[in-house]
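Residues per chain, in single letters:
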Amino acid sequence: MTDVSDPPGEGLARRRQSILPKDAEGMTLGPNIRRMSRFEMPRSSVQYGMSGRRMSYVSRSSISGASLGLKDFKVPVQYQNTYRLGPSGNEKFQPSKAQQVMKEVLQSYLSSEKYNTEICGNIVGQISDVIKGRVKSLGFSPRYKFVCVVTIGQHRNQGVAVASRCVWNPETDNFATASFKSGDLFAVANIFATYFE
């Protein structure tokens, strides 16, 4: 702030001055203009260094309104509503096709296996992922979400009860089940298909 008693122009001398180089080393040519500020006393800091000069970059494109800094920026695609509340006839989940795939996977993975806790514990996750991947490739609607549960146990003439309950739309959602038994090993695979609008 200048004092009223100061002659005109005296208060302006106290302000720090900025230097904008003109065509020095091509600074004003190209997308960036370099603006260097001078301080009255050099500041020793990590950010500014011992020179006391601070450099700031002003982009011509940001002044004009166009932004060139975001090269990989993609505008999200907005889709219009289809107003479909369910899958079309050929995209609907068909349990018979899924059951056939599940039987083939269980047969190929477990036909030569004997029950072993460690082996069966490791292989059950692989079987579940393979079943889910193959059912997805059958061509059902991409709006279906699949949950696959595989149970492997030792068969010694005992009884096993497995139950599941779901809240879903009976017109679009469904499930498929397949079982396998060989020697002292049994396996049950369930896949649940739920349609998301």
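Residues numbered from 1 in each chain as written. Predicted model: local features only at pLDDT ≥ 70, side-chain atom pairs only at ≥ 80, totals over all residues. Heavy atoms only, no water.

Identification of the protein as Dynein light chain Tctex-type 5-B-like from Biomphalaria glabrata is taken from an unreviewed UniProt entry. Word for word, the UniProt comment on the protein under Sequence similarities (unreviewed entry) is "Belongs to the dynein light chain Tctex-type family." (UniProt positions renumbered as here; feature names shortened; annotations may be inferred.)

K.L.:
Please give an account of the sheet that holds strand 6 (residues 185–195) that cites residues and values.
P.N.:
Here three strands make up an open sheet; going across it, the order is 4-6-5 and the pairing antiparallel. The sheet is open, and its two edges are formed by strand 4 (144–154) and strand 5 (174–182), each paired on a single side. Adjacent strand axes in the sheet meet at a mean angle of 10°, parallel and antiparallel pairs treated alike. The pairing of strand 4 with strand 6 spans 11 bridges and is antiparallel. (Pairing = 2+ DSSP bridges. Helix = DSSP H or I, 4+ residues; strand = E, 2+ residues; numbered from the N terminus. Axes fitted to C-alpha atoms, helices over the stretch in contact; angles between N-to-C directions.)

K.L.:
A description of the side chain of Asn190 should follow, citing residues and the corresponding values.
P.N.:
Checked against the element boundaries, Asn190 lands in strand 6. Judged by its relative accessible area of 15%, Asn190 falls in the buried class. Within the structure, Asn190 has its side chain in polar contact with the side chain of Thr177 (distance 2.9 Å). Not counting residues within four places of it along the chain, the set of residues in contact with Asn190 comprises Met102, Val147, Cys148, Val149, Ala176 and Thr177. (Buried < 20%, exposed > 50% of the residue type's maximum accessible area, 1.4 Å probe, protein only. Polar contact = N/O pair within 3.5 Å; in protein donor to acceptor, adjacent residues only side chain to side chain. Contact = heavy atoms within 4.5 Å.)

K.L.:
Break down the environment of Gly153 for me, with residues and values.
P.N.:
The residue Gly153 is located in strand 4 in this model. A C-alpha to C-alpha distance of 5.5 Å links Gly153 and Phe186, two positions 33 residues apart in sequence. The residues touching Gly153, leaving out its near neighbours within four places in the chain, are Tyr115, Asp184, Leu185 and Phe186.

K.L.:
Quick one: what's the story with the nonpolar core, residue by residue and with numbers?
P.N.:
Formed by 27 residues in total, the largest nonpolar core has its most connected members in Phe93, Ile127, Ile131, Val135, Ile152 and Ile191. Within the residue set of this core, elements represented by two or more residues are helix 2 (95–110), helix 3 (117–136), strand 4, strand 5 and strand 6. If we ignore the near neighbours within four places in the chain, the residues touching Ile191 are Phe93, Ala98, Met102, Ile131, Lys132, Val135, Phe146, Val147, Cys148, Asn174, Phe175 and Ala176. (Core = buried A, V, L, I, M, F, W, Y, C linked by side-chain atoms within 4.5 Å.)

K.L.:
Run through helix 3, naming residues and quoting values.
P.N.:
Taking 1.5 Å of rise per residue, 20 residues should cover 28 Å, and helix 3 covers 29 Å from first to last C-alpha, within 8% of that figure. At Ile123, helix 3 shows its strongest bend, of approximately 25°. Buried within helix 3 are the following residues: Cys120, Ile123, Ile127, Ser128, Ile131 and Val135. Those residues of helix 3 that are buried are in contact with helix 2, strand 4 and strand 6. (Expected span 1.5 Å × (residues − 1). Bend = angle between axes of the 7 residues up to and from the residue.)

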